[in-house]
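Fold and geometry: a report
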Amino acid sequence: QVQLVESGGGSVQAGGSLKLSCVASGYIFSGCGMGWYRQATGKERELVSTISRYLLTTYADSVKGRFTISRDNARNTLYLQMNSLKTEDTAVYYCAACPDGVGRMNYWGQGTQVTVSS
């Protein structure tokens, strides 16, 4: 059974930093691409960043230069380092894994809340 468990969310002031982690189990971690998504209250879920099994990364324009995605295959863990946080980064952040042929993720975590105050 695949499980993705996020941690590291919390409350921080604008300009601060947080690092999210996602521990995966139940599948071959190194064999799948992964990503971080977020959903703010009243808004659609949006893609934040992805990292392929070959360590190729993508970022939403809104987070480029501020967020860094990485993965540790030895620890089955995905990370998202978030710096220079803005109030508009406030959302529930979800870890996701194993995209299908059109990029839809097959597995999702339960989410972790990130709140950025001014």
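This write-up is about the structure you can find in this document. (Residues numbered from 1 in each chain as written. Predicted model: local features only at pLDDT ≥ 70, side-chain atom pairs only at ≥ 80, totals over all residues. Heavy atoms only, no water.)

**Section: unusual backbone geometry**
In this structure, L55 takes a positive phi of about 70 degrees despite not being glycine. Topologically, L55 is positioned in the loop between strand 5 (46-51) and strand 6 (57-59). On the accessibility criterion, L55 (51% relative accessible area) is exposed. If you check the backbone angles, N76 has positive phi at about 50 degrees while not being a glycine. Along the chain, N76 falls in the loop between strand 7 (67-72) and strand 8 (77-82). Look at N76 and you get partly exposed, because its relative accessible area is 27%. (Helix = DSSP H or I, 4+ residues; strand = E, 2+ residues; numbered from the N terminus. Buried < 20%, exposed > 50% of the residue type's maximum accessible area, 1.4 Å probe, protein only.)

**Points about the environment of E88**
Positionally, E88 belongs in the loop between strand 8 and strand 9 (91-99). Taking the relative accessible area as the measure of exposure, E88 reaches 53% and is therefore exposed. Considering only alpha carbons, one finds E88 and A40, 48 residues apart in sequence, at a separation of 8.5 Å. A polar contact of 3.2 Å, which involves the side chain of E88, links it to the side chain of T87. (Polar contact = N/O pair within 3.5 Å; in protein donor to acceptor, adjacent residues only side chain to side chain.)

**Here's the deal with the nonpolar core**
In terms of nonpolar packing, the biggest core is built from 28 residues, with Y27, M34, W36, L80, M82 and Y93 touching the most fellow members. Those elements that place two or more of their residues in this core are strand 3 (18-25), strand 4 (34-39), strand 5, strand 7, strand 8, strand 9 and strand 11 (112-117). In terms of residue count, the dominant contributor to this core is strand 9 (five residues). Not counting the four nearest positions on each side in its chain, Y93 is found in contact with E6, L20, W36, Y37, R38, V48, F67, L80, M82, G111, T112 and V114. (Core = buried A, V, L, I, M, F, W, Y, C linked by side-chain atoms within 4.5 Å. Contact = heavy atoms within 4.5 Å.)

**Comments concerning the environment of S11**
By the secondary structure assignment, S11 is in strand 2 (residues 10-13). Classification of S11 by relative accessible area gives exposed; the value is 65%. A C-alpha to C-alpha distance of 9.0 Å links S11 and T90, two positions 79 residues apart in sequence.

**Quick notes on the packing of aromatic side chains**
One pass over the structure, following the stated rule, counts three aromatic pairs. Joined through ring pairs, the aromatic side chains of Y27, F29 and Y107 make up one cluster. For the cation-ring pair, R45 lies above Y37, with the distance from its terminal atom to the ring centre recorded as 6.0 Å. Cation over ring: R71 sits above F29, and NZ or CZ is 4.7 Å from the ring centre. (Phe/Tyr/Trp six-rings, centres within 6.5 Å; stacked < 30°, edge-to-face > 60°. Lys NZ or Arg CZ within 6 Å of the ring centre and 35° of its normal.)

**Considerations on the pairing of strand 7**
Residues in a regular strand point their side chains to alternate faces of the sheet. In the sheet, strand 7 pairs with strand 8 via six bridges, with the strands oriented antiparallel. Within strand 8, the position partnered with R71 by the bridge is L78. Here strand 7 folds back onto strand 8 in antiparallel fashion, the turn holding four residues, of which N76 has a positive phi close to 50 degrees. (Pairing = 2+ DSSP bridges.)

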